[in-house]
Structures are given as structure tokens and as C-alpha cells.
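The primary structure of each chain is shown beneath.
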2 protein chains.
Amino acid sequence: MSENFRHPSPIAGAVQVIPLGGLGEIGKNTWCLRVGDDIVVFDCGFAFPNDDMPGIDYVLPDYAYLESHADLVRGIFISHGHEDHIGGLPFLLERLPVPVYATPLTLSLIEGKLSEHGLLGRVQLCRVEAGAHVRAGHLDVQLIRVAHSIPDAVAIAVDTPLGVVLYSGDFKFDPTPIDGQRTDYHALTSLGERGCFLLMSDSTNATRPGFTASEAAVGPALDRVFAQTSGRLIITTFASNIHRVQQVFDAAKRYGRRVALLGRSMVNVSERARALGYLTWQHEQFVALDALDSVPPEELVVLTTGSQGEPMAGLSRLATGEQKGLQIQHGDTVLISAIPIPGNEKAVARVINQLYERGAQVVYDSPRLGTHVSGHASEEELKLMLAFTRPRHFVPIHGELRHLTRHAELAMASGVSPQGVYILRNGDVLELREDAGCVVAQVPVGPVLVDGRLRFTRGQSQLRERQRLAHDGVVATLITVDAELVLRDGPDILTRGFIPPDDVGMRLLDEAKRRIVEVVDEAHARKNYDLSRLERQVVEATSRFFYETTGQRPAQMVFIKRID
Amino acid sequence: MSENFRHPSPIAGAVQVIPLGGLGEIGKNTWCLRVGDDIVVFDCGFAFPNDDMPGIDYVLPDYAYLESHADLVRGIFISHGHEDHIGGLPFLLERLPVPVYATPLTLSLIEGKLSEHGLLGRVQLCRVEAGAHVRAGHLDVQLIRVAHSIPDAVAIAVDTPLGVVLYSGDFKFDPTPIDGQRTDYHALTSLGERGCFLLMSDSTNATRPGFTASEAAVGPALDRVFAQTSGRLIITTFASNIHRVQQVFDAAKRYGRRVALLGRSMVNVSERARALGYLTWQHEQFVALDALDSVPPEELVVLTTGSQGEPMAGLSRLATGEQKGLQIQHGDTVLISAIPIPGNEKAVARVINQLYERGAQVVYDSPRLGTHVSGHASEEELKLMLAFTRPRHFVPIHGELRHLTRHAELAMASGVSPQGVYILRNGDVLELREDAGCVVAQVPVGPVLVDGRLRFTRGQSQLRERQRLAHDGVVATLITVDAELVLRDGPDILTRGFIPPDDVGMRLLDEAKRRIVEVVDEAHARKNYDLSRLERQVVEATSRFFYETTGQRPAQMVFIKRID
């Protein structure tokens with residue numbers, strides 16, 4: 001995974017910014033900032049695999065750059081507790097146990113994650129309140145509160161000799177947050193007054209006009225659903241959206257319903273948030289899952305995971321009837337308080353249809369009903385962030401190229417010099433001086449594919465092989481010959497995922513064997529006893545035959561056994 | 001594929017309606033109507049495979065019901081020329097060469113399809129103008145013009161002793177269609193006056209409130225894009241959306257641009273439509289692909305396929321730089337005049353990002369910009385259709401269960417008796433009498449999976465095998481033993497898509513071989529010479545070992561060769 005190399009330090013009076021992950025289609029936010037001999041890391045996420053990565057569990061950046069500069073890494077600063085910002089931590093920390101700095105809820109979620117990987121107690125986790133400063137080598141780092149779809153989110157400001165570098169994390173400017181914890185507008189505008197050297201800002205919603213609605217707008221929309229529901233109400237949202245969870249508890253109280261929590265992460269995150277005071281409910285509002293039957297339908301809300309159609313989550317188990325102790329029935333209403341993340345649309349649609357099949361009414365048009373709002377800043381907020389901080393340099397982060405490009409346009413329209421706007425690729429080493437900057441080098445970035453216990457740095461051929469197996473299946477052939485290539489037995493053929501195990505398939509295999517016998521006989525007749533050559537000829541002959549008869553090109557594995 | 005069975009004819013004074021395809025998540029519209037001893041078929045579509053069907057080309061219904069009643073099938077009536085309504089024709093017609101009835105453009109597209117399958121001239125294709133009547137056995141069938149996103153679309157009305165059965169096809173009520181060919185409102189309302197026995201109506205947009213915008217609304221939106229574009233303009237839409245193609249030609253004329261067509265189906269469909277008079281352009285408006293360089297950027301439009309991110313289509317080839325003779329460059333603007341069909345979102349996003357990477361500006365927010373409108377009726381239109389036709393019975397068609405359910409609610413709210421509303425599953429035989437109806441039987445419906453030249457009726461185990469291969473790869477093992485299970489050679493192991501071909505992988509395989517040797521030695525020591533038992537033990541031992549070391553469960557194929 002790691003390569004041993006040492007990267008030159010920035011020239012005097014410059015800083016280096018290096019995205020290890022987080023750009024392009026795969027979001028696995030991991031950014032490095034180097035100032036002199038101090039490196040700090042912003043976030044450490046993983047990505048879920050694309051469709052063309054069968055069998056892969058997670059996609060990580062390559063941490064080679066950090067490992068080969070281990071002595072310079074002063075700490076990892078985490079902006080908030082979403083998977084695409086903390087998911088890589090166990091994998092990085094097991095190689096590089098540097099201190100992790102985060103706000104209380106974020107840290108609690110990180111603890112849960114490290115505990116699963118047996119790493120708890122082996123790394124230094126530092127709890128930092130929003131607004132506080134941390135010393136990292138020669139650098140002063142401040143966490144600045146921002147609003148997002150999870151509590152306790154912060155932007156990260158690093159004071160450098162050139163001015164402040166501000167990493168926004170994921171944010172929106174929600175002026176009326178559910179928890180009353182507003183974005184620290186004063187801290188942001190103070191940066192602008194002092195002179196912000198570099199702004200790195202969230203681009204997720206850069207193509208969305210206007211201003212993202214406050215989380216508080218969801219409350220009245222929830223009320224409308226509660227008011228129209230007479231039977232049981234099942235609500236699904238992201239477990240980490242504690243504000244939403246709070247609003248469900250609040251609406252339930254107003255409408256005389258009690259709440260049950262379903263799904264491992266819903267229970268886990270809610271308990272952590274409640275223990276830290278981010279979520280409040282009264283004891284009598286809560287129903288244990290095994291006591292559901294004792295609650296009349298019109299007095300019950302079940303809050304569950306699975307808003308993205310994830311097959312193992314609560315809502316999917318309800319949709320397929322696999323949830324122990326809770327069966328969907330006529331009269332139930334299911335509210336999906338979320339929208340599908342791109343790529344999940346079909347999975348979500350499948351769950352909705354399964355719920356209808358079981359007799360539920362499903363309320364899923366969140367954009368129209370107002371039962372979901374985004375956690376990311378839209379165009380007007382992004383322009384406000386630029387106006388607050390007035391950066392000299394600008395790097396759009398977190399988004400696909402189309403979002404980064406749009407955000408770069410917004411920055412230029414907001415007065416950042418076009419020479420100070422950089423759209424980076426993963427691995428780019430951006431070196432910034434007072435008035436100029438350019439990409440001076442590249443570091444390895446992977447992707448590293450996590451596949452069970454295996455890690456692949458260069459997994460492309462492996463993935464292509466798997467795609468071929470998925471598409472056309474595989475054929476294994478055994479040919480037993482003597483030294484002069486007289487066939488002594490077989491040929492034997494086994495297949496998987498190729499032809500159907502029926503008469504048609506049997507006839508095809510018989511004919512394929514006949515072709516192989518011909519190839520072997522011919523090699524014997526020509527006295528050409530080269531086994532590699534024979535193998536090639538067998539593969540060619542059968543590939544051609546299979547393609548002509550089935551239109552497919554299965555993967556081939558050939559054993560040629562010589563017995564004397 | 002076919003099973004031999006004969007289904008009882010409907011009881012006197014009843015008709016039967018049977019969906020062979022078109023319900024649930026997989027849209028492959030194929031509906032049968034049986035009246036006495038006459039069967040007519042409405043549409044004959046295929047579906048594209050789901051993500052969990054690797055390697056499958058198309059999904060068809062099982063045609064067993066039609067084949068076993070071949071003597072009763074009077075004809076196939078096609079509502080319009082989209083793939084999900086005509087794609088199954090070659091597969092059905094090669095088994096059951098009954099007459100096909102369709103309007104001129106639809107028929108022309110069918111001819112192209114049959115020609116590719118070598119079926120042209122072997123089946124009877126009957127051209128019927130919208131509004132005309134056809135005799136099918138004892139039945140009178142009328143094609144009634146409706147608006148849709150392809151010209152020449154019709155609903156199909158069958159006169160039965162119980163009243164008219166109306167199959168809507170796909171439709172919208174566009175009052176200002178581009179070609180001036182309005183929905184035949186009079187024919188529809190006349191059905192209402194005479195008494196419509198059964199309405200089968202398009203549910204695609206049943207969950208969308210309001211009235212679908214006219215195709216004519218796209219013109220001004222196109223104008224805005226043309227007005228703001230100074231360089232080359234590349235526009236992608238569905239090739240079959242002839243109205244849209246016409247509007248691009250018209251806007252190009254207004255803005256002094258000439259048009260080139262890129263992509264096999266864009267050229268093919270446009271030529272067919274132009275030959276029949278559905279599409280008009282002046283000779284000087286057209287640019288051949290090999291003459292693009294002679295046209296200044298500000299005077300050029302390239303109209304291409306690929307709005308869904310299809311990897312082989314024009315836009316994807318432009319995005320990856322693989323299109324011969326046309327390279328995307330800075331200054332180009334790409335307009336996606338379409339929205340992603342659910343499931344295609346990520347593929348479309350990838351293409352957009354690739355276009356940005358090459359320097360293009362991409363305009364893709366069609367819902368906001370008005371550069372695309374749907375071809376399907378929204379809620380208010382569906383209620384109008386119900387009000388026009390005042391059916392006694394109602395079957396929602398074409399959509400997922402959530403859409404069918406919503407449409408059923410609309411029908412009841414529109415005055416159809418709840419006892420007269422039926423949500424059918426594929427294969428249901430709905431028998432309708434004057435005042436009542438119920439599902440009396442089931443016929444086989446597949447799905448039949450088309451995989452190259454193979455067809456699978458029960459392909460589930462095959463697909464599961466492929467998914468496993470994709471996920472964890474495959475291991476083939478060869479063990480050569482004598483009659484007393486003394487290992488004579490090997491074991492040999494080959495893998496595909498499992499472990500990486502590096503040192504780690506080699507060490508794993510060496511250890512796996514050691515485990516196999518142990519298993520064989522033990523069998524020999526116990527004098528247990530059963531080869532099937534040995535094979536099972538080898539698979540168990542290596543599966544356990546591979547799972548412990550890699551977290552994966554590759555498919556296994558084992559050859560045990562006994563030599564004496």
C-alpha cells in the first residue's frame with residue numbers, strides 16, 4: 001500500500017495543499033495541509049464502491065504520502081461524524097497512530113468505529129469544543145461551528161504565516177437550527193477581516209440556486225403527515241440526522257404518539273447523541289421494540305434506518321417481511337424523510353413498491369412535501385461564505401467535477417482572482433505562495449480497494465476479471481495427456497454461471513469436448529509437444545465455439561496434466 | 001420456453017385480460033385480451049435487465065400462453081414505437097408469426113427491428129392510420145390518436161359485446177403538439193357516451209400532480225440556450241423524440257446554425273421519420289459528419305444520442321474522446337435535453353463530469369430550465385381520461401406498484417366503483433363480466449432472460465452464481481491421486497477474480513495447497529476412497545481457509561483425477 005518516498009518541503013513562505021481523496025466521483029474526503037515541517041489532515045473518509053467494483057467493501061485513498069512523512073503529521077482534524085469523513089480512520093490509524101481532534105458527538109461516533117476495529121485505546125482521541133483552539137506543531141488550529149445535517153459540525157481554520165487556511169467541512173447557513181447552535185458567522189467574518197489566505201469550501205450543492213431551507217422547515221411538514229395519519233406511522237431517515245430524529249420525537253409528542261427505534265445504527269447513534277445531550281426525549285415517549293404490540297396503532301411511531309434502500313437496514317427488512325416482531329400491514333403509513341442519494345434511486349423504488357405490496361401507504365415525495373431538506377449550502381450561501389471570508393486563494397472541495405467547476409465560477413464572480421482559483425485532482429500537490437500558486441507534484445492516491453481482509457492498490461485487472469465472470473461465467477477444463485500428447489483421459493469440463501444445467505448445456509459441452517479432442521489429436525499428429533501452446537489452442541478453439549453458439553466469452557481456466 | 005397448456009375460454013358474456021408483462025418494476029408491456037375465441041395482443045415490449053442480472057441483454061415475458069393458443073391470436077396491435085412496446089416483437093414473431101398492426105412511423109421502426117433479426121418479409125405488417133378500424137376475428141379494433149414523446153402514438157379500442165375495452169398506450173393530453181396532431185378527444189369522449197366497459201390507462205406519472213407541459217414549451221427553453229451559446233452546441237435527446245429533433249432543427253434555423261446528426265439510432269430514426277414526413281428540414285440546414293470542420297463553431301449544432309449515459313452512444317463517445325472526427329473542446333456547450341431514467345443517474349453524472357474534464361460547459365438541469373418535458377400524462381390528465389371515458393372497470397397499466405396504486409385511487413376518486421378497479425400482477429387472468437370481475441387463473445410469464453443466443457426461463461440460480469463470481473471470484477483445483485488416494489501430483493490451483501496475482505496471493509495459495517494435502521492424506525490414512533466425499537472435504541477445508549484469511553467465499557470447482 002505504501003511506497004517509500006519523501007516529498008520536498010514547500011519553499012520558504014509557501015504552504016502545500018494535497019487532496020488524497022474527495023475529488024471526482026468518489027467522495028472520500030482526506031486533505032493534507034503542509035506548512036513548513038507541520039502536516040495536518042482534514043477529515044479521513046471512505047467511499048462506497050461504484051457499480052463497476054463488484055465485491056469491494058470500501059474505497060480508500062492511498063495513505064503512502066502520510067506514512068512516508070509520519071514524523072511530520074501533527075494530527076487529524078475531523079469536521080463532522082459522517083462516514084465519508086471518518087470512515088477511513090481505522091485504516092489510517094492502524095498504520096499511523098496520530099492524534100485525532102474532533103467535537104464531542106463526532107468523537108463519540110469515531111470511538112464506536114474504532115471500537116469495532118479493536119483500535120480503541122490504541123490511539124489518542126482529543127475532544128475539542130467548537131470555537132476552541134488546538135496547537136498542532138507550530139500551527140494554531142481553530143474549530144468553527146457550522147450547521148449541517150448532523151450536530152457538532154465544524155469548519156477548520158489553520159493559522160499560517162501566510163494567513164488563515166479555512167477548510168469548510170460540509171456546511172449550510174441554517175439561521176434557525178433545531179439545536180440553536182448557529183453557524184459561527186462572527187468567526188467566519190473575522191477571518192475575512194484578518195485576511196483569509198485560502199478557502200476550501202463544500203461544493204455539493206454548488207449547482208443548486210438559492211438558499212438551502214432550514215432544518216426547522218421540516219417540522220411543519222412532519223406535522224402535516226402526522227395530522228393525516230390514523231394508523232401506525234413508520235418514518236425513515238439517516239440515523240446521523242439527530243436534528244431530524246429530534247423533530248420526529250417532538251412531532252410525536254404533539255400528536256400523542258410514542259416512538260420506537262429500529263435498526264442498529266439508529267439505536268447506536270441516538271443513544272450516543274442522547275448521552276451527550278444532543279437529543280432529548282422523555283422516558284414515557286419511548287417504546288421498546290418488544291413492547292410494540294401494547295401500543296395502539298394510532299399512538300405509535302417507528303423510526304428506522306434504510307432511507308437509501310440499503311438491503312440490510314430496518315426499512316428493507318420491513319419491506320421484505322424479514323423484521324422480527326414487526327410486520328407491515330394495511331393501515332400503516334411509511335414516511336421516507338430523505339431523498340435518494342444518486343445511484344440509490346432504484347433500490348429505494350424497490351423498497352417503496354414492496355411496502356405497497358404489503359398494504360402500506362408510502363409518503364416519499366420529500367422535495368414536494370418539505371419532509372426533507374439538504375444539509376449542504378446552495379449557491380447564495382456559497383457566495384455568502386466567499387463574501388464573509390474574502391479569500392485570496394480558493395479551492396472548491398467535496399463534489400463531482402461539475403460541482404467544483406460551478407463553485408469555481410461562483411468564486412470568480414465573487415471577486416477571487418481567476419489565478420487564485422484551483423480545481424485540484426486527487427494527489428495534486430498545490431503549492432501556494434503569497435500571490436501565486438501551482439501544482440508542483442503528484443503523490444500516490446490509490447484508490448485502495450478494501451475487499452474483505454484484502455487490500456488492492458492496483459485492482460483494475462482484478463475488477464475487470466470479476467466483471468467478465470459476472471457477465472459470461474467461467475469454464476474450467478482438464479486435459480490428461482501422455483508425453484506425446486495422446487489423450488489419456490477426459491477432457492473434463494466444469495462451468496459456473498455460463499450455460500444452463502440442462503440438455504442444451506450438456507450438448508454444448510459435449511461438442512466443446514469433441515473440439516478439444518481434435519486440437520489435442522492434431523498437436524499429437526504434428527509432434528508438437530509444447531504444453532503452453534496446446535493450452536492456447538484449446539482456449540482459442542473453445543472460445544470460438546462458445547462464442548458462436550452462445551454469443552458469450554466465458555473466462556477460461558485450463559489444466560493440462562501429463563502422465564507417463 | 002413454452003409449456004403446453006390450454007386455458008379455458010371465458011364464460012359466456014365475459015372477457016379476459018392478461019398482462020404477460022408490463023407490471024411491477026420491469027416494464028415490458030405485453031397485454032392479451034380474449035373475447036370468445038379471439039385473442040388480441042396490445043404491445044410487445046422488452047425490458048433492460050436490472051443490476052442483479054449480470055450479462056443479461058434483455059428481459060422478455062414468457063410467450064407460452066400465446067403459443068399454446070396460437071390458433072386464437074388475431075393480431076398484435078402496437079401503440080407506439082418505443083422499445084418497451086416493440087422490443088419483444090422479433091422474439092414473439094419468430095415463434096408466432098401473427099399479423100402486426102401499427103401506424104406508419106411505428107411500423108417503420110418495427111421494420112427496422114425485424115430486419116436486424118432477419119424476420120422482415122416473413123411476417124405480416126399492417127399499416128393502419130390513426131382513427132381507422134381493423135377487423136380482428138369477430139372484433140372491431142380502432143386506433144385512436146394520442147400525444148406522446150414519439151409521433152404517431154395511439155390508444156387501442158376494442159369493441160366487445162360488453163362494451164369497449166380501451167388500452168391507452170403511453171399518452172399525454174398535449175393540447176399544442178408540435179406536429180399539430182392532437183389527441184383525438186372526440187373519439188375518447190364518444191367512448192364515454194357509448195359506455196366504456198374497461199379502461200386500461202398509463203400510470204407512469206400517476207404520482208405527479210398537475211398537467212404535463214406541452215412539448216411546445218420546450219421551444220422557448222431551447223431558444224434561451226441557443227441565445228446564450230457562442231461556440232459549438234451539442235444537444236442530446238432520445239432519438240425517437242422526433243418532436244424534439246424537429247424543435248432543435250427549428251431553433252437552429254432561427255439562430256443561424258446547421259445541424260449534424262451523430263449516433264446510429266439518431267440517424268436511423270430521423271431518416272425514417274423524415275421519409276414519412278414526420279420530420280422536415282431543408283437541405284442546406286443539414287451538415288454531414290465528415291464536413292463538421294468546414295462549419296464555424298457558432299454555426300453548428302450536433303444532435304446526438306446518449307442522454308441516458310449509455311456507454312456506446314454518441315454523447316459517451318464524445319465524453320471519452322472516442323468519437324472519430326469530433327473532439328470536445330473548450331468553448332463547446334452540451335445540452336442534455338432529457339432527464340435520467342431512474343437507475344441511470346450515476347451513468348449520466350459520469351458523462352457530465354467527463355465533458356467538463358474536456359472543457360465543455362454542460363447544461364443539464366432540464367426540469368428547471370424547461371429543456372425537457374415528460375411524455376406521460378400527470379394526475380389531472382389521468383382524471384380527464386377517466387372523465388372522458390367513464391369506464392365501468394379500470395386496470396392501471398405501465399408503472400411500478402406505487403404508480404398503479406395511486407392511479408387506482410384516482411380512478412375511485414373519479415367515480416369508478418372500487419369493485420371495478422383491479423391492480424393486476426403479470427400472469428393474472430382477469431375475467432370481467434358485466435358488473436363484476438375477478439382473477440380466475442394464472443398463466444406463466446417468465447421472466448425469460450436473453451443472454452447472447454441463450455434463453456433462460458428460470459435463470460435465478462444462474463444469476464446468483466454470477467453474482468457470487470463477481471463478488472468473490474472463482475478457484476479451480478486439480479488433485480491427482482491413485483486408487484488408494486495417495487497424492488500423485490499437485491494439488492494445482494488456478495484462480496480468477498479472487499486474490500491478487502502477487503506475493504500475498506502466492507503465499508495464500510501455497511497454504512491452501514498444504515491444507516488440501518492434509519485432507520487427502522487423512523482420507524488415505526482412513527482408507528476412505530470415496531471421491532465425492534473427498535471433493536466435499538477439499539471444498540470445505542479451502543473455503544474455511546479462504547474465508548478466514550481473506551473474508552471471501554470464492555466459487556469452487558474441483559477436479560479429482562484418479563490415475564492408476
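Quick caveat: nothing in here was measured; it's all calculated off a predicted structure.

Draft legend 1. Fine view of the overall build of chain A. For chain A, the helix and strand inventory stands at 16 helices and 25 strands. Taken as a whole, chain A presents about 21,700 Å² of accessible surface, with 49% of it coming from carbon and sulfur.

Draft legend 2. Structural detail: the side chain of D472(B). As for its position among the elements, D472(B) is in helix 14 (residues 460–472). For D472(B), which is buried and forms no salt bridge, the nearest opposite charge comes from R466(A), at a distance of 5.5 Å. At 2.8 Å, the side chain of D472(B) and the side chain of H471(B) are in polar contact. Separated by 2.9 Å, the side chain of D472(B) and the backbone nitrogen of R553(B) make a polar contact.

Draft legend 3. The arrangement of the pairing of strand 3 (residues 38–42) of chain A in detail. Residue and element names in this part refer to chain A. The element strand 3 is extensively covered by neighbouring structure, given that five of its five residues are classed as buried. Pairing of strand 2 (residues 30–35) with strand 3, which is carried by five bridges, proceeds in the antiparallel orientation. Its bridge partner lying in strand 3, V35 is registered against D38. Once strand 2 ends, the chain turns through two residues before running back antiparallel as strand 3, passing G36 with a positive phi of about 60°. Across four bridges, the pairing between strand 3 and strand 5 (residues 73–77) is parallel.

Draft legend 4. Looking closely at the interface of chain B and chain A. Counting residues at the interface gives 65 residues for chain B and 65 residues for chain A. Surface buried jointly by chain B and chain A totals about 6,000 Å² across both partners, of which 56% is contributed by carbon and sulfur atoms. The largest per-residue losses of area from chain B upon contact with chain A belong to R402(B), M557(B) and F559(B), which jointly make up 12% of the total buried on that side. Connecting chain B to chain A are six salt bridges. The salt bridge partner of D492(A) is K561(B), with a shortest N-O separation of 2.7 Å. Seen at the junction of chain B and chain A, the total is 30 residue pairs in polar contact (both at pLDDT 80 or more). Residues that form the side of chain B that touches chain A fall into these classes: 26 nonpolar, 20 polar and 19 charged.

Draft legend 5. Local environment of the packing of aromatic side chains. Tallied over the full model, the rule gives 31 aromatic pairs over all chains. When the centroid spacing of 4.8 Å and the interplanar angle of 25° are considered together, the rings of F42(B) and Y167(B) count as stacked. Taken together, the residues F42(B) in strand 3 (residues 38–42) and Y167(B) in strand 11 (residues 163–167) connect sequence positions 125 residues apart. For the pair formed by F42(B) and Y167(B), the shared burial category is buried. Aromatic pair F545(B) and F546(B): ring centres 5.7 Å apart, planes at 50°, arrangement tilted. For the pair F545(B) and F546(B), a shared accessibility class is recorded, and that class is buried. Chaining the aromatic ring pairs together yields one cluster made of F46(A), F48(A), Y58(A) and F91(A). Lying across the ring of Y547(A), R553(A) places its NZ or CZ 3.9 Å from the centre.

Scoring rules and cut-offs
Just so you know, the residues in each chain are numbered from 1, in the order the chain's sequence is written. Think of it this way: whatever chain is written first is A, whatever ligand is written first is 1, and the rest follow in order. Whole-chain, interface and lining totals are the exception, using all residues; otherwise, since this is a predicted model, local features are given only for residues with pLDDT of at least 70 and side-chain atom pairs are given and counted only at 80 or more. Calculation of side-chain values draws on the structure's entire complement of heavy atoms; hydrogens and water are dropped beforehand. Secondary structure elements are taken from DSSP: a helix is a run of H or I of four residues or more, a strand is a run of E of two residues or more, and numbering for both begins at the N terminus. Every accessible area reported is derived by Shrake-Rupley at a probe size of 1.4 Å, with residue values counting cover from the shown protein chains alone. Note on exposure labels: buried denotes an accessible area under 20% of the residue type's maximum, exposed denotes more than 50%, and partly exposed covers the range between, all computed with a 1.4 Å probe on protein chains only. The charge count treats Lys and Arg as positive and Asp and Glu as negative. His and the chain ends do not count. Salt-bridge detection follows one rule: a side-chain nitrogen of Lys or Arg within 4 Å of a carboxyl oxygen of Asp or Glu. In the analysis that follows, any N or O atom pair within 3.5 Å is treated as a polar contact, provided that within protein one partner can donate a hydrogen and the other can accept it, and provided that, for residues neighboring in sequence, both atoms belong to side chains. Two strands qualify as a pair provided DSSP detects at least 2 bridges between them. Residue contacts are counted whenever heavy atoms from the two residues lie within 4.5 Å of one another. Buried area: the accessible area, evaluated with a 1.4 Å probe, that two parts lose upon being put together, summed over both parts. The classification used treats Ala, Val, Leu, Ile, Met, Phe, Trp, Tyr, Cys and Pro as nonpolar, Asp, Glu, Lys and Arg as charged, and all other residues, Gly among them, as polar. Each pair of aromatic rings taken from Phe, Tyr and Trp, with Trp reduced to its six-membered ring, is defined by centres within 6.5 Å and is described as stacked if the planes are under 30 degrees apart, edge-to-face if over 60, and tilted in the remaining cases. For a lysine, the NZ atom is tested; for an arginine, the CZ atom; a charge sits over a ring if that atom is within 6 Å of the ring centre and within 35 degrees of the ring normal.

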